[in-house]
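# Breakdown of the fold
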Amino acid sequence: MGESQKNKNAETISILKQALKVNRRPFPWVKAFSAGLAASLPVMIGLLFGHLEYGLMAGLGGFTFLYVFDIPYAQRAKKLFWVVIGMSLVTVLGTLAAPYPLAVAILMGVIGAAVIFIFGSLRIAGPSAIFFVLVFAMVSGMPVDLGLAPLRAVLVFLGGGLSWGIAMIGWLFDPHGPEERVVKRVYIELAKFIESVGTNNFNESRHNMMSVLRETDETLAAGYIPWRETDVFKRLFLLNQHANNIFMYINEYFIDSQEKLPGELGQSVRGLADSFNKKNKGVYEKILQPSEMNKKVSRIFAKIYDADAVMNEPTAKINQTIHPTKLSKKTIFGGTFDKNSIVFITATRFGFITIIAAIIAFELELARSYWVPLSCVAVMSGATIVATHHRAIQRGIGTVTGIIIASLILALEPSGYIIALFILILTFITELFIVKNYGLAALFFTPNALLMAESTSAGSFSFSYFASARIIDVVIGSMIGLIGVWLIGRKSASSRIPHLIEKTIRSQAQLLLVLFSEQGKGFNARKSKELRKMLINLTNLKTLYNTALGEIPVQRETLNYFWSIVFSMEHLAYLLEECSKVKSRPLLSDKVLSQLLYACEMMANSASLERSSSQKAIPEIERYPTITKELIILQNSIYQKNFLVPNG
C-alpha cells in the first residue's frame, strides 16, 4: 500500500512538472505577427467605417489564421476555406439558437464532436474544435436578434477571408516551401540511416526513415494539383522517389550487415540535403567514391548520382510523369466511423461532456454561462488523459492570471483603436508562446477573448465581480472536463488495442494474398480496397496506441509489448505498400500462400486472445526477403509476452 501511494505521488509530481515545462522551440515571429494582424485588422476596418461592433464580429473570423500550419499551400488553401465556411455556419447557428438554452447546449456539443471527428480522421494539425465552439458560444451570448444571422455570418466570412489572404501571401514568394522542407528532411534522415548500417541504431533509424518517407508522401500528395504540375514540384516528387529507392535497396541488402557503409555515402546524401538551400544549391563537395568497393555499395552510389542528376539537371530534361496517390475522404471517414475507432470514441465523448457542461452552466444561471463549456472544451482538447490533466493545470493557472489581466484592461474602459491595438498585441503574444507552453499562451489568449466578448457589452464594469465570475466559470468548466474524461475514457484506448491488432494483421494478410496471387493480375494494387483497408487500420492502431500511452495509470509492461508489435506491423505495412507500386510481382504457389495466410491468422488470434501457440513456418517470398523477415519479426513479437497462455 505504501509503495502504491509512492507511485501515485510520483505520477502526480510528474504530471505537474510536464504541465509546467517550457519547450525550447523557437518563437514563430512571422506567424505570430500575421495572426495578430488577422485578428486586429477587421476591427480597424470596422472602426474606419464607424462600426466597431461589425469589426469585432469580423474579428471572430480572424481566428481562422490560428489554423495555419506548415503544410503545402494547395492543402492550406482548401483547409482554411472550409474553416471559414465552418466559422460562418456556426455563427448562423449561434444566432438562431440563442433564445433556446437547451438548443445552444446540444449544438455546442454537436459542433465540438463533429470538428473533433473531422480533424482526427484527417489528422489535421491545429486547435481543432476550440475556436468553432468559441465563435458559436460568443455569438449565442450576443443580444438576441434572429434577423442578424445573415449579417453576422457575412462579417465572420469576410474576417476569415482576410485571414485566408494573409495566410496565402507566402505562396507568392515560395510556392513550394513546405514541400521543399519535408523532402530536405527525407535526405537528412536518409544520411542518418546510411550511417546507422552496422550499428545498434539501425532499427531505430530505419523506423524513423519509414515515418519520414510516409509523411513526405502524404505531404506531396496533399500539395499535388493535377491541372498545375510545376517543374519544382515534379523535381521534389522525383527526389522523394529516389530517396525511397535508396532506402529500399539498403533495407533489402544491408539489413543484417555487421559492417558500416563507406562514409562518403552519408556525406554525399547530406550534400544533396544542403542543396535544398537555394543559396548553396549545387555548392558542396563533390561525391568521392572509395578506391575499392563491392558491387552492392557501387549500386548505392549510382542511385545517389541519379538523385543528384534530378537535383541539378535543367527542368527541360525532367519529363517524367508523376502520379501521387492518396486515400479518398470517403475511405478515411468510413474507416474512422467505427465503434472501436478512438477518433469516433473521442469525438462522441467530447460532444457528450460539452453538452453536460453547457446544461449545468445554464441551470446555475451564470452570467455569460458559455465560459463554463468553453473551459471544459479547452481542457478536453488534450489528446490523451495525461494531456487533459496538463491542459487543466495550464488552463487553470494561465486563465486565472489572464482573467486578472483582462479585468485590468477592461477597467481602463478602452475604446476605438486602443481595443484593436490590444487585440493585435495579445494575439501576437499568444501565438509566440503557444509553442512554448499552453498555460503561457492562456495568459494572453484569455484576456483577448474576453476583450472581444465584453467590449460591446452594455452596463458598468465591476473588477471584482467580473474577475470572480470568470474564475468560477473556469474552475467549474475545467472540473467537468476532467471528471468527464476520467469517468468515460480512462481505459477506452488500451482495452481496444488487441482487437485492432487482430484486425490490422488480417488486412495485411488480405493484401499479401492479392499482391502475390492470381487475384493481383490485371489490376492496380495501388488502388485496391485491401491496401486502403490496411492503411486505415494501421493509422487507427497507431492513434489508439498513442492515446493509450497517455492513460492513467499507464500499463507500461503491456504497452511495451504492444509497441514491438505495432513497430513491426508498421514496417510490414510500408514494405507491402512499396510492393504494391511494382507492376510485375512473383506469383506464389497455393501452398506458400496457404502457409502465409495460416501464419497471419494464428498471429491475429494470438494477439486478440492473448493466447500463444507454436510458431509457424513462414516461407520465403521470392524477390521480397525483407517481407519474410518482417513477418518473422512480427511473429516473434506477438509470442514473446511471458504471460501468454499456450494453447493445448
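Up top is the structure these notes are about.
Heads up: these notes are all about the structure in this document. Just so you know, these numbers come straight off a predicted model, no measurement behind them.

Scanning the protein chain from terminus to terminus reveals 25 helices and two strands. Here the protein chain holds 648 residues, and the buried ones make up 53% of them. If you take every contact in the protein chain between residues at least 6 apart in sequence, the share linking residues at least 24 apart comes to 81%. Roughly 29800 Å² of accessible area belongs to the protein chain as shown, and the carbon and sulfur atoms make up 61% of that amount.

Across all of its chains, the model carries 23 aromatic pairs by this definition. Members of the aromatic cluster, joined through ring pairs, are F27, W29, F428, F433 and F444. When the ring centre of F69 is taken as origin, the NZ or CZ atom of K31, which lies over that ring, is 4.1 Å away.

Here we come to helix α7 (residues 149-167). Residues separated by three or four positions in an α-helix point in the same direction, a consequence of the helix having 3.6 residues per turn. Counted at 1.5 Å a residue, the expected span for α7 with its 19 residues is 27 Å, and the 27 Å between its end C-alpha atoms agrees. Along α7, the positions that sit buried rather than exposed are A149, R152, A153, L155, V156, G159, G160, S163, I166 and A167. Projected onto a plane normal to the axis of α7, the buried residues spread over an arc of 165° and lie on a single side. The exposed set on the far side of α7, more than 90 degrees from its buried face, consists of P150 and L158. Contact partners of the buried residues in α7: α2 (29-48), α3 (52-61), α4 (73-97), α6 (130-140) and α8 (170-173).

At their nearest, the axes of helix α5 (residues 101-122) and helix α15 (residues 342-363) sit 8 Å apart, and the two run at 160° to each other. It follows that α5 is roughly antiparallel to α15 by the angle criterion. Like other packed secondary-structure pairs, α5 and α15 cross with a definite hand, here right-handed. Taken together, the residues of the contact of α5 with α15 break down into 17 nonpolar, seven polar and no charged.

Cut-off values and rules
Sequence positions are assigned chain by chain, starting from 1 and proceeding in written order. Whole-chain, interface and lining totals are the exception, using all residues; otherwise, since this is a predicted model, local features are given only for residues with pLDDT of at least 70 and side-chain atom pairs are given and counted only at 80 or more. Only hydrogens and water are set aside; all other atoms, that is, all heavy atoms of the structure, feed into the side-chain values. Secondary structure is summarised from DSSP: a helix means a run of H or I of at least four residues, a strand means a run of E of at least two, and numbering begins at the N terminus for each. Per-residue accessibility, obtained with a 1.4 Å probe over protein chains only, is compared with the maximum for each type, and a residue is labelled buried under 20%, exposed over 50%, and partly exposed between these values. Contacts are residue-level and defined by heavy atoms, with any inter-residue pair within 4.5 Å sufficient. Surface accessibility follows the Shrake-Rupley procedure with a 1.4 Å probe radius. Residue values consider only the protein chains on display as shielding. Here a Phe, Tyr or Trp ring, Trp counted by its six-membered ring, pairs with any other such ring whose centre lies within 6.5 Å, and the pair is stacked when the planes are under 30 degrees apart, edge-to-face when over 60, and tilted otherwise. Whether a charge lies above a ring is judged from NZ of Lys or CZ of Arg, which has to be within 6 Å of the ring centre and within 35 degrees of the ring normal. What a helix should span is 1.5 Å times the count of its residues minus one. Arc definition: it is the arc formed by the directions from the helix axis to the C-beta atoms. For helices, the fitted axis covers only the stretch in contact; all axes are lines through C-alpha atoms, and the angles between them, taken along N-to-C directions, range from 0 to 180 degrees. Any angle that is under 35 degrees is reported as roughly parallel, and any over 145 degrees as roughly antiparallel; angles of 65 to 115 degrees are reported as roughly perpendicular and all others as oblique. Handedness of a crossing is defined here by the sense of rotation of the near helix relative to the far one, left-handed for an anticlockwise turn of less than a right angle and right-handed for a clockwise turn. Residues are grouped as follows: nonpolar covers Ala, Val, Leu, Ile, Met, Phe, Trp, Tyr, Cys and Pro; charged covers Asp, Glu, Lys and Arg; every other residue, Gly included, is treated as polar.

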